[in-house]
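One letter stands for each residue in the lines below.
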Amino acid sequence: MKEVSKSPNKISNMFNEIANVYDRNNDIISLGLHRIVKKFAIEEFNPNYNEIVVDLCCGTGDICGYLLKYVKSNNIIGVDFSSEMLNIARHKYPSLKFIQADISDVPQETSRVDKITICFGLRNVENRDKVIAEMHRILKPDGEILHIDFGNKNCFSKIFDLIVLLLIKLFRKNAESYEYLIHSKSQFPVPKELIEEFKKANFELKKCKNFIFGVVSMQIYKKI
Ligand SMILES: C[S@@+](CC[C@H](N)C(=O)[O-])C[C@H]1O[C@@H](n2cnc3c(N)ncnc32)[C@H](O)[C@@H]1O
């Protein structure tokens, strides 16, 4: 299959265009299950009240919202390059800090951050190695990453693709972004492969869990 282009311009424009329907569409294609996955994964990650937590590819701020239950609001920072996704995040969580930036060059000092979350984001970046290295740079020693994205390519994952294809037929308006979702998902490494990439970048795996019959996976990594 042809590699999909993930140029920052293309990806940020695409998310700018779908920002106003992003939350609603997420609920439709996941039947609301993405909320349960995110909530449960943050519970497993269990950040402390005083820790500095950066949510990369924060989008409309879902993960930041769940973090608020654990971490003081001054210490939560959302980063995303889509201005429209950030506008929605700022509207939903006015007390939190959101920064517009490309996550391959995060505006944070070296070894400053206790924890990083990145949810359905790493799949969209142009240079995954660079982003993983950047996460390593900004984390304190022993700092941790919670990573969530699509997992194994099994029959349930194929059912998810069929639901998305059905939506492409129903809502021609956002067809391009749905097609991108299916392509990027098919080209994203399965958890076993991704874990190797993180290990090569000096992270150790602390925990790996599957959700929705393995369609979604979360991993927690620790900087070594
Ligand atoms: C699928 S959304 C995920 C949003 C949110 N984390 C969630 O789980 O609902 C992906 C987000 O990543 C952002 N993104 C993708 N590549 C990025 C990059 N290189 N730098 C910053 N943001 C990026 C997009 O703008 C978009 O808001």
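Residues numbered from 1 in each chain as written. Predicted model: local features only at pLDDT ≥ 70, side-chain atom pairs only at ≥ 80, totals over all residues.

Turning to the overall build of the chain, a few remarks are in order. Secondary structure assignment for the chain yields eight helices and seven strands. Here the C-alpha radius of gyration of the chain, 16 Å, is about what a compact globule of 224 residues would show, namely 17 Å. Taken along the three principal axes of its C-alpha coordinates, the chain extends 45 × 35 × 30 Å. Long-range contacts, defined as pairs at least 24 residues apart, comprise 67% of the intrachain contacts of the chain with a sequence gap of at least 6. (Helix = DSSP H or I, 4+ residues; strand = E, 2+ residues; numbered from the N terminus. Rg over C-alpha atoms; globule rule 2.2 N^0.38 Å. Contact = placed C-beta atoms within 7 Å.)

Our next topic: the site of the ligand. Taken together, 21 residues form the shell around the ligand, and within it Phe15, Cys57, Gly59, Ser82 and Cys119 come nearest. Listing elements by their share of the shell around the ligand, those giving two or more residues are α1 (8-30) and α3 (62-67). It is α1 that provides the largest number of residues to the shell around the ligand, a total of four residues. Among the residues forming the shell around the ligand, the class breakdown is twelve nonpolar, six polar and three charged. (Near = placed C-beta within 6 Å. Nonpolar A, V, L, I, M, F, W, Y, C, P; charged D, E, K, R; others polar.)

A separate point is the environment of Cys208. Here Cys208 lies in strand β6 (residues 203-211). Using a count of 16 C-beta atoms within 10 Å as the deciding quantity, one classes Cys208 as partly exposed. Once the C-alpha coordinates of Cys208 and Met218 are considered, the two residues, ten residues apart in sequence, prove to be 5.7 Å apart. Setting aside residues up to four positions removed in sequence, Cys208 forms contacts with Pro191, Ile195, Ser217 and Gln219. (Buried ≥ 20, exposed ≤ 12 C-beta atoms within 10 Å, placed from the backbone.)

Another aspect to go through is helix α8 (residues 191-200). Looking only at α8, the buried set comprises Pro191, Leu194 and Phe198. All buried residues of α8 project into a common sector of 60° when viewed along the axis, lining one side. Of the residues in α8, the exposed ones pointing more than 90 degrees away from the buried face are Lys192, Glu193, Glu196 and Lys200. For α8, the secondary structure elements touched by its buried residues are α5 (128-138), β6 and β7 (216-223). (Arc of directions from axis to C-beta.)

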